[in-house]
Amino acid sequence: MTTSASVELRAKLGEIDIYLFDQLLRGRFDGRTTILDAGCGEGRNLMYFLLRGFTCFGIDRDPAAIDHVRALAAQLAPALPAQNFQAGELDRLPWADGSMQAVVCRAVPHFADNQAHFDAMLRELWRVVAPGGLFFVRLASNIGIEDRVGAAGRRVRLPDGSDRFVVDERMLTAWTAHAGARLADPIKTTNVQGQRCMTTWSVFKPDGRRD
């Protein structure tokens, strides 16, 4: 009996975010083998990297999720230290400056309490990105639903009933310029039937390298 395509892909990729998979296809992780999943949850985006021998790190505020990730890593990449995966907050990372060749942060910054908390998370995540490294972020925005949620840079109630800190294109482009970063791709937003908008923001930390 032939294994279904979906089962085969899950065995190789897990439940990887489709937009992160796109970055893999574009070669953004070629030569960037030390990766931090910031807000890793139970490791849905780490399975491929663990299987392929990447040096993986993860942080999440939920200790139970970290226990799950450690068990996953022990199974798929037993040489990795359990301490690579830690419970903690994104605005207080335990790793050194420039220690990560790629930082992935999916659907976490929009849990910021306010602008100051959001900025603190970004500064700390950017701190650990190595020169030439990739910073990949997916987060809630008001792009395309401004008339329903109002201005960005604050926590709002989205039409789907959730409360999120939302950004807009101006905020992301201003932060990119201030950090001296370079967009890996144009800022892209998915509008989920007017209920919420999720924006993909992917940048390189400068080191003179071209991708």
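This is a predicted model, so every value here is computed, not measured.

1. Comments concerning the overall build of the chain
Part 1: Within the chain one finds 7 helices and 10 strands.
Part 2: On C-alpha atoms alone, the chain measures out to a radius of gyration of 17 Å, which is about the 17 Å that the 2.2 N^0.38 rule sets for 211 residues.
Part 3: Seen along its three principal axes, the alpha-carbon backbone of the chain occupies a region of about 50 × 45 × 35 Å.
Part 4: The buried share among the 211 residues of the chain stands at 48%.
Part 5: Entry remark: accessible area of the chain is about 10200 Å², with carbon and sulfur atoms responsible for 51%.
Part 6: Of the charged side chains in the chain, 26 are positive and 25 negative; the average position of the first set lies 3 Å away from that of the second.

2. What about the environment of K12?
Part 1: Looking at the element boundaries, K12 is found in helix α1 (residues 5–13).
Part 2: You can call K12 partly exposed: its relative accessible area is 49%.
Part 3: Measuring from C-alpha to C-alpha, the distance between K12 and Y48 comes to 6.1 Å, with 36 residues separating the pair along the chain.
Part 4: With near-sequence residues (within four places) excluded, K12 lies in contact with Y48 and L51.

3. Notes on the packing of aromatic side chains
Note on aromatic pairs: each is described by the distance of the centres and the angle between the planes.
Part 1: Counted by the stated rule, this structure contains 10 aromatic pairs.
Part 2: Here Y48 and F49 contribute two aromatic rings whose centre-to-centre distance is 5.7 Å and whose plane-to-plane angle is 80 degrees, an arrangement assigned as edge-to-face.
Part 3: Owing to a relative accessible area of 21%, Y48 belongs among the partly exposed residues under this scheme.
Part 4: With 6.4 Å between their ring centres and 50 degrees between their planes, F135 and W175 make a pair best called tilted. One end of the pair, F135, is in strand β5 (residues 129–141); the other, W175, is in helix α7 (residues 169–179), with 40 residues separating them in the sequence. The pair formed by F135 and W175 is uniform in burial state, with each residue classed as buried.
Part 5: A network of ring pairs unites the aromatic residues F29, Y48, F49 and F54 as a single cluster.
Part 6: The ring of W126 carries the charged tip of K205 above its face, separated from the ring centre by 5.1 Å.

4. Remarks on the state of the cysteines
Part 1: Applying the stated criterion to the full structure yields 0 disulfides.
Part 2: This cysteine, C56, is not joined by any disulfide, and C40 carries the nearest cysteine sulfur, 10 Å off.
Part 3: With a relative accessible area of 0%, C56 lands in the buried category.
Part 4: Of the cysteine sulfurs around C197, a residue in no disulfide, the closest is that of C105, at 19 Å.

5. Re the nonpolar core
Part 1: Ranked by internal contacts, the top residues of the largest apolar core, which has 40 residues, are L36 and F135.
Part 2: At the level of secondary structure, the elements contributing two or more residues to this core comprise β1 (34–38), β2 (55–60), β4 (100–106), α5 (115–127), β5, β7 (163–166), α7 and β10 (196–204).
Part 3: If near-sequence neighbours (up to four positions away) are discounted, L36 is found in contact with F57, G58, I59, L93, W95, M100, A102, V103, V104 and V128.

6. Section: helix α2 (residues 18–25)
Part 1: Every buried residue of α2 is accounted for by L20, Q23 and L24. Along the axis of α2, the buried positions cluster into a sector of 105 degrees, meaning they face one direction only. Along α2, the residues that are exposed and aim more than 90 degrees away from the buried face are I18 and L25.
Part 2: At its buried positions, α2 is contacted by α3 (47–51), β4, β5 and β10.
Part 3: Of the residues flanking the start of α2, the one acting as N-cap is D17, its side-chain oxygen 2.7 Å from the backbone nitrogen of Y19.
Part 4: G27, located one to two residues past α2, shows a positive phi value of around 80 degrees.

Criteria and thresholds
- Residues numbered from 1 in each chain as written.
- Predicted model: local features only at pLDDT ≥ 70, side-chain atom pairs only at ≥ 80, totals over all residues.
- Heavy atoms only, no water.
- Helix = DSSP H or I, 4+ residues; strand = E, 2+ residues; numbered from the N terminus.
- Rg over C-alpha atoms; globule rule 2.2 N^0.38 Å.
- Buried < 20%, exposed > 50% of the residue type's maximum accessible area, 1.4 Å probe, protein only.
- Areas by Shrake-Rupley, 256 points an atom, 1.4 Å probe, with all protein chains shown as cover.
- Lys, Arg positive; Asp, Glu negative; His and termini not counted.
- Charge placed at Lys NZ, Arg CZ, Asp CG, Glu CD.
- Contact = heavy atoms within 4.5 Å.
- Phe/Tyr/Trp six-rings, centres within 6.5 Å; stacked < 30°, edge-to-face > 60°.
- Lys NZ or Arg CZ within 6 Å of the ring centre and 35° of its normal.
- Disulfide = S-S within 2.5 Å.
- Core = buried A, V, L, I, M, F, W, Y, C linked by side-chain atoms within 4.5 Å.
- Arc of directions from axis to C-beta.
- Polar contact = N/O pair within 3.5 Å; in protein donor to acceptor, adjacent residues only side chain to side chain.

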